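# Structure at a glance
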Amino acid sequence: ITEQAKSIEILSQTFADYSHNTAYAVDTKAKSVVNDSLAKEAEAVRQFIQERDLENVTLVGNSLGGARAIHLTALLQERNPNINIDGLVLLDSLSLYDQTGTKLVVNYIRDMLNTQMALRHPPQMEGIDQLALQNSKYLKDGIVETLKEVMRSNIRFPSRTINEIKSMAKANPHLGEIKAPIVMIQGTRDLLSDPTRIIPNQNPDALQDSHYIEDIHE
């Protein structure tokens, strides 16, 4: 999902309203299929931040964007020590542990199907109508943006996608270098970024008893 998607606009506006500050939605795409594309795309975002003379930043990344944000944080620490990173927020981020590309693809399909089923049978909770509307926009954006990417990449789409899957399936090599505060927000049953693989000795039924996981129930 690119920065032009409606769901991203809503999310960015929410960040801006809450922080009383400017929120930038930045999407990157390497012109050609290259190895370690996530790191190269993170460098493009680093230059974006540098060119705007930003002094304090909070970095937020969702899924694939989370993997880029980890690279970006490491790059800023190394090349722009004058820029203060207030925090790194990872929303169901990928690249937090090693998994096979095949399993990642299968779980992506399962996760999309689960999301669609959840829209048909939403839980009874306050604000569910707004949440359902947001989820519908997110799914629609996912389909539309994927089709746009197929058209943009043309014959390069399969190789580009395979390359990205390989990058997402590997644990980010910079995980141990992050010095900024980190907030991790995970879906308990997330199939792509499994919290039981990220936090050791955990299982979905015991998360609420954890000393370092806050389990939020509505």
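Residues numbered from 1 in each chain as written. Predicted model: local features only at pLDDT ≥ 70, side-chain atom pairs only at ≥ 80, totals over all residues. Heavy atoms only, no water.

A word on the overall build of the chain. From N to C terminus, the chain includes seven helices and three strands. When the elements of the chain are put in sequence order from the N terminus, they spell out α-α-β-α-β-α-α-α-β-α. Expressed as a percentage of its 218 residues, the buried residues of the chain come to 35%. Counted over contacts in the chain with a minimum sequence separation of 6, partners at least 24 positions apart contribute 73%. (Helix = DSSP H or I, 4+ residues; strand = E, 2+ residues; numbered from the N terminus. Buried < 20%, exposed > 50% of the residue type's maximum accessible area, 1.4 Å probe, protein only. Contact = heavy atoms within 4.5 Å.)

Right, let's get into the side chain of Asp 190. Structurally, Asp 190 can be placed in the loop between strand 3 (182-185) and helix 7 (195-198). It turns out Asp 190 is buried and unbridged, and the closest side chain with the opposite charge, Arg 110, is 10 Å from it. At 2.8 Å, the side chain of Asp 190 and the backbone nitrogen of Leu 192 are in polar contact. A polar contact is formed between the side chain of Asp 190 and the backbone nitrogen of Ser 193, at a distance of 2.5 Å. In this view, Asp 190 contacts Asp 92 and Pro 195; residues no more than four positions away in its chain are not counted. (Lys, Arg positive; Asp, Glu negative; His and termini not counted. Salt bridge = Lys/Arg side-chain N within 4 Å of Asp/Glu carboxyl O. Polar contact = N/O pair within 3.5 Å; in protein donor to acceptor, adjacent residues only side chain to side chain.)

Before going further, it helps to spend a moment on the pairing of strand 1 (residues 56-62). Of the two faces of strand 1, only the one carrying Val 57, Leu 59 and Gly 61 is buried; Asn 56, Thr 58, Val 60 and Asn 62 on the other face are not. The pairing of strand 1 with strand 2 (residues 84-91) spans seven bridges and is parallel. Paired with Val 57 across the two strands is Ile 85, which belongs to strand 2. Between the parallel elements strand 1 and strand 2, the chain passes through helix 3 (residues 64-79) in a crossover that is right-handed. (Pairing = 2+ DSSP bridges. Right-handed = clockwise from strand over helix to strand, strands pointing away.)

The next point concerns a nonpolar patch on the surface. On the surface, a cluster of nonpolar side chains totalling about 360 Å² of accessible area is made up of Val 105, Tyr 108, Ile 109 and Leu 113. Its relative accessible area of 34% is what places Val 105 among the partly exposed residues. (Patch = residues over 30% accessible without salt bridge, like charges linked within 9 Å, V, L, I, M, F, W, Y side chains within 5 Å. Areas by Shrake-Rupley, 256 points an atom, 1.4 Å probe, with all protein chains shown as cover.)

A few words on the nonpolar core. Ranked by size, the top nonpolar core spans 21 residues in total, and within it Ile 49, Val 57, Leu 59, Leu 72, Leu 76 and Leu 88 carry the most contacts. When sequence neighbours within four positions are dropped, the list of residues in contact with Leu 59 reads Ile 49, Ala 69, Leu 72, Thr 73, Leu 76, Ile 85, Gly 87, Leu 88 and Val 89. Ranked by size, the runner-up nonpolar core spans nine residues in total, among them Ala 67, Ile 165, Met 168 and Leu 192. (Core = buried A, V, L, I, M, F, W, Y, C linked by side-chain atoms within 4.5 Å.)

Moving on, we get to the packing of helix 2 (residues 37-51) against helix 3. Look at helix 2 against helix 3: their axes get within 8 Å of each other, and the N-to-C directions meet at 60 degrees. Classed by the angle they form, the pair helix 2 and helix 3 counts as oblique. In the crossing of helix 2 with helix 3, the sense of the turn from one axis to the other is right-handed. Packed against helix 2, whose contacting residues are Leu 38, Ala 39, Glu 41, Ala 42, Glu 43, Val 45, Arg 46 and Ile 49, the element helix 3 presents Leu 64, Ala 67, Arg 68, His 71, Leu 72, Leu 75, Leu 76 and Arg 79 at the interface. The residue inventory of the contact of helix 2 with helix 3, partitioned by class, reads 10 nonpolar, one polar and five charged. (Axes fitted to C-alpha atoms, helices over the stretch in contact; angles between N-to-C directions. Parallel < 35°, antiparallel > 145°, perpendicular 65-115°, else oblique. Left-handed = near helix turned anticlockwise from the far one by under 90°. Nonpolar A, V, L, I, M, F, W, Y, C, P; charged D, E, K, R; others polar.)

Oppositely charged side chains can form a pair if their charged atoms are brought close together. As enumerated under the stated definition, the model contains three salt bridges in all. For Glu 41, the salt bridge goes to Arg 68, with nearest N and O atoms at 2.5 Å. Taken together, the residues span a long stretch of sequence, with Glu 41 in helix 2 and Arg 68 in helix 3 at a distance of 27 residues. Under the relative-accessibility criterion, Arg 68 is labelled buried at 13%. Its salt-bridge partner being Arg 46, residue Glu 43 comes within 2.8 Å of it at the nearest N-O pair.

This part covers unusual backbone geometry. Note on backbone geometry: most residues besides glycine have negative phi, and most peptide bonds are trans. For His 20, which is not a glycine, the phi torsion comes out positive at approximately 55 degrees. By the secondary structure assignment, His 20 is in the loop between helix 1 (6-19) and helix 2. Positive phi, normally seen in glycine, also occurs at Ser 63, with a value near 60 degrees.

Next up on the list: helix 2. Spanning 15 residues, helix 2 covers 21 Å between terminal C-alpha atoms, matching the ideal 21 Å at 1.5 Å per step. Among all positions in helix 2, only Ser 37, Leu 38, Ala 39, Glu 41, Ala 42, Glu 43, Val 45, Arg 46, Phe 48 and Ile 49 are buried. Immediately downstream of helix 2, the backbone of Asp 53 shows phi near 55 degrees, a positive value. (Expected span 1.5 Å × (residues − 1).)

Any link to function would need more than the numbers given here.
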